[in-house]
Amino acid sequence: MGENLQSRMRLRPVDLARPHGLSTQAVRNYEEAGILPAAERTESGYRTYTPLHTRALATFLALLPGHGHPTATGIMRAVNRGAADEAFLLVDESHAQLLEDRRTLRAVESALRDLGPEAGESEVTGPGESGPPGSPATTTATFIGPLADRLSIRPATLRKWEAAGLVRPRRDPLTGYRVYGEADVRDARLVHQLRRGGYLLEQIAPLIDQVRTVGGLAPLEAALTDWRARLAARGRALLTGAAELDAYLRKREETQAHPPELGTPGGSP
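What follows covers the side chain of Asp184. The residue Asp184 is located in helix 9 (residues 182–196) in this model. The exposure class of Asp184 is buried, given its relative accessible area of 13%. Setting aside its immediate chain neighbours within four residues, Asp184 contacts Val167, Arg168, Pro169 and Val179.

Structure follows, in structure tokens:
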């Protein structure tokens, strides 16, 4: 009985907006974007919202922290057009991305534990900057080509990192080739892993500088702790969003089974 009475409620944009600190224009924008179901219109052209719209707005706002705006929007649009499977696929992709990010974090932690020179990393031969002709078969340094191959990146990426001051290879005085020593390889591996973790070059630069200054990896511990916390927060946010999405799906099913009977006209255009 209570649910049936509630389903007859007629809500204005401000009734949806105020509890979340939003503007009424934001509510209208969400409706136009397909995040909210289309509102009914009165004879005078005013929008008519219902508790279903209230639930939709709460669901979208709950999805935002874990999924981000584009994915949260895609989920709501899919649900509102009756394509629940598409919405579930988007949810699954966000969870898969979080899992990949967790694996990347573990990879970074592993890299920090094992940043010494890799066995066999210093054999460099071949023309061009991959290694000067006549290079010794075994040295204590490597060149841009082999290092890029090991990191599965392009040599241009290493040059970009160099321009940003993240790696500082020396130049061979005879050939002009970039020569990456043990510390340079360490820095390149750290930059590579942190980039995979979502850090921007400008965020990585002070970490690398601190590693060089203090001669150790302790400064990265704070970054890893923050990264861990952000992943945990995303995981919790995904759970919260899933609970709200389930509630919204149930509300839609109830509304479709018992369509609302709207009362007195009113509201806002």
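By size, the foremost hydrophobic cluster in this structure holds 29 residues, and its most contacted members are Leu147, Leu158, Trp161, Leu166, Leu194, Ile204 and Trp227. When residues of this core are traced back to their parent elements, those giving at least two are helix 6 (84–113), helix 7 (144–151), helix 8 (155–163), helix 9, helix 10 (201–214) and helix 11 (219–257). In this structure, Tyr30, Leu63, Met76 and Ala87 belong to the second largest nonpolar core, which totals 25 residues.

Further remarks concern the packing of aromatic side chains. Tallied over the full model, the rule gives two aromatic pairs. Between the aromatic rings of Tyr199 and Trp227, the centroid separation amounts to 5.7 Å while the plane-to-plane angle is 70 degrees, which identifies the pairing as edge-to-face. A residue pair is termed long-range when its members are at least 10 positions apart, and Tyr199 in the loop between helix 9 and helix 10 and Trp227 in helix 11 qualify at 28 residues. What makes Trp227 buried here is its relative accessible area of 2%.

This next bit is on the confidence of the model for the protein chain. For the protein chain, the mean per-residue pLDDT works out to 82, and 80% of the residues sit at or above 70. A low-confidence stretch, residues 133–138 (pLDDT under 50), is modelled with eight contacts involving residues beyond four sequence positions or located in other chains.

Although it is not a glycine, Ser152 adopts a positive phi angle of roughly 60 degrees. One can find Ser152 in the loop between helix 7 and helix 8.

The next point concerns the side chain of Arg47. The residue Arg47 is located in strand 2 (residues 47–48) in this model. Reaching out from Arg47, the side chain makes a polar contact with the side chain of Glu31 at a distance of 3.0 Å.

Packing of helix 7 against helix 8 leaves a shortest axis separation of 8 Å and a crossing angle of 105 degrees. Viewed along their axes, helix 7 and helix 8 adopt a mutual orientation that is roughly perpendicular. Across the interface between the two elements, Ile144, Leu147, Ala148 and Leu151 of helix 7 pack against Pro155, Leu158, Arg159 and Trp161 of helix 8. Grouping the constituent residues of the contact of helix 7 with helix 8 by class yields seven nonpolar, no polar and one charged.

Right, let's get into the environment of Ala188. Relative to the assigned elements, Ala188 resides in helix 9. Given the relative accessible area of 0%, Ala188 is considered buried. For Ala188 and Ala148, which are 40 residues apart along the polypeptide, the C-alpha to C-alpha distance reads 9.3 Å. Contact partners of Ala188, with chain neighbours within four places excluded, come to Leu147, Leu151, Leu158, Trp161 and Val167.

Thresholds applied
Residues numbered from 1 in each chain as written. Predicted model: local features only at pLDDT ≥ 70, side-chain atom pairs only at ≥ 80, totals over all residues. Heavy atoms only, no water. Helix = DSSP H or I, 4+ residues; strand = E, 2+ residues; numbered from the N terminus. Buried < 20%, exposed > 50% of the residue type's maximum accessible area, 1.4 Å probe, protein only. Contact = heavy atoms within 4.5 Å. Core = buried A, V, L, I, M, F, W, Y, C linked by side-chain atoms within 4.5 Å. Phe/Tyr/Trp six-rings, centres within 6.5 Å; stacked < 30°, edge-to-face > 60°. pLDDT = per-residue confidence, 0-100. Polar contact = N/O pair within 3.5 Å; in protein donor to acceptor, adjacent residues only side chain to side chain. Axes fitted to C-alpha atoms, helices over the stretch in contact; angles between N-to-C directions. Parallel < 35°, antiparallel > 145°, perpendicular 65-115°, else oblique. Nonpolar A, V, L, I, M, F, W, Y, C, P; charged D, E, K, R; others polar.

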